[in-house]
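Structural overview for review
Here is what each chain is made of, one letter per residue.
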Amino acid sequence: MIEKEEVNLESAENGKGIEDSPRDRTRLSDICADVKISQIMSKETTVVRDTEPIENIIELMAMKPYHSFPVINSDNELVGVIDQDNILELLFFERSHRTHHTHLMAIKALSEEAATLMVHHPVTISHDASLCEAADLMIKHHINRMCVVDDKKLVGVISKSDLIKKIYELRR
């Protein structure tokens, strides 16, 4: 009990209450609810066409620091995402356990272009969603980057590091 009183006294002396902690969830939720994804997303992003040959995608992954790429069709609509897991499964298909040799994996192993290898229904977010909504989706689905869409069109990409940088700015 004495320790708790000392902490309260120290906080009072510094002019801050315990509830003023920079990690106070209520305060952070209030702040991030007002920040729109369109304000912090990357508008310039590397995309892959659904007809792109797999060899070109492997080369792209070797040259770029990203772990996933949005896949768009001829109408510039987001149709999927290709990530490192897809590529590794393809490259090491023969090394995977027999239980992973499903019909779908066999099709993917014979893939020649992005459309057959990509994840067809990626987690996306609207450009007018809040930073809090993006964080909730990334945490729930264990993803590091998410495509930002407006009427099926890719308008940007948001990453966990984008969110953390913005939260850091807001807390200062």
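Refer to the preceding data block for the structure.
What this report covers is the structure whose coordinates are included nearby. Because the structure is predicted, anything quoted here is derived from the model rather than measured.

With that settled, the discussion passes to the side chain of serine 130. Tracing the sequence through the fold places serine 130 in the loop between strand E4 (124-126) and helix H8 (131-141). When its relative accessible area of 6% is taken as the criterion, serine 130 is described as buried. Here serine 130 is in contact with Cys32, Ala33, Val35, Lys36, Ile37 and Ile125, once residues within four sequence places are set aside.

Quick look at the pairing of strand E5 (residues 145-150) now. For E5, a buried count of five out of six residues is recorded, marking the element as mostly surrounded by other parts of the structure. When E4 meets E5, the two strands line up parallel, connected through three bridges. Bridged to isoleucine 125 within E5 is valine 148. Of the crossover connections in this fold, the one passing from E4 over H8 to the parallel E5 is right-handed. Where E5 meets strand E6 (residues 153-159), six bridges bridge the pair, whose relative direction is antiparallel. For arginine 145, the partnering residue across the bridge sits in E6 and is serine 159.

This part covers the packing of aromatic side chains. Per the stated rule, a full pass over the model turns up one aromatic pair. With 6.1 Å between their ring centres and 85° between their planes, tyrosine 66 and phenylalanine 69 make a pair best called edge-to-face. We classify tyrosine 66 as partly exposed; its relative accessible area is 31%. When the ring centre of tyrosine 66 is taken as origin, the NZ or CZ atom of arginine 145, which lies over that ring, is 4.4 Å away.

In this section: the sheet that holds E5. Ordered by their spatial adjacency, three strands build an open sheet running E4-E5-E6, and the pairing between neighbours is mixed. Only two strands of the sheet have a single neighbouring strand rather than two, namely E4 and E6. The average angle at which neighbouring strand axes cross in this sheet is 40°, direction not considered.

In this section: the packing of H8 against helix H9 (residues 160-171). At a minimum axis separation of 10 Å, H8 and H9 run at an interaxial angle of 140°. Relative to H9, the element H8 is oriented oblique. Two packed elements cross with a definite hand, and for H8 against H9 that hand is left-handed. Contact with H8, carried on its side by Leu131, Ala134, Ala135 and Met138, involves Lys160, Leu163, Lys166 and Ile167 of H9 and no other residues of that element.

This brings us to the environment of alanine 114. If you trace the backbone, alanine 114 turns up in helix H7 (residues 114-117). Sequence separation of alanine 114 and valine 81 is 33 residues, and the distance between their C-alpha atoms is 8.8 Å. Apart from the residues lying within four places of it in its own chain, the contact partners of alanine 114 are Val48, Arg49, Asp50, Glu52, Ile54, Ile57, Val71 and Ile82.

All right, on to unusual backbone geometry then. For asparagine 76, which is not glycine, the phi dihedral falls at a positive 60°. Along the chain, the position of asparagine 76 falls in the loop between strand E2 (68-72) and strand E3 (78-83). Residue class for asparagine 76 comes out partly exposed when judged on its relative accessible area of 39%. Phi at histidine 142 is positive, roughly 55°, even though this residue is not glycine. With respect to the secondary-structure elements, histidine 142 resides in the loop between H8 and E5.

So, about the nonpolar core. Counting 17 residues, the largest nonpolar core has Ile37, Ile125, Leu131, Met146, Ile158 and Leu163 as the members making the most contacts within it. Tallying contributions element by element places H8 first for this core, with four residues. Setting aside anything within four residues of it in sequence, one finds leucine 131 in contact with Cys32, Val35, Ile37, Ile40, Leu163, Lys166 and Ile167. Counting 13 residues, the second-largest nonpolar core is a separate cluster that includes Ile54, Leu60, Leu90 and Leu117.

What counts, and at which threshold
Residues numbered from 1 in each chain as written. Predicted model: local features only at pLDDT ≥ 70, side-chain atom pairs only at ≥ 80, totals over all residues. Heavy atoms only, no water. Helix = DSSP H or I, 4+ residues; strand = E, 2+ residues; numbered from the N terminus. Buried < 20%, exposed > 50% of the residue type's maximum accessible area, 1.4 Å probe, protein only. Contact = heavy atoms within 4.5 Å. Pairing = 2+ DSSP bridges. Right-handed = clockwise from strand over helix to strand, strands pointing away. Phe/Tyr/Trp six-rings, centres within 6.5 Å; stacked < 30°, edge-to-face > 60°. Lys NZ or Arg CZ within 6 Å of the ring centre and 35° of its normal. Axes fitted to C-alpha atoms, helices over the stretch in contact; angles between N-to-C directions. Parallel < 35°, antiparallel > 145°, perpendicular 65-115°, else oblique. Left-handed = near helix turned anticlockwise from the far one by under 90°. Core = buried A, V, L, I, M, F, W, Y, C linked by side-chain atoms within 4.5 Å.

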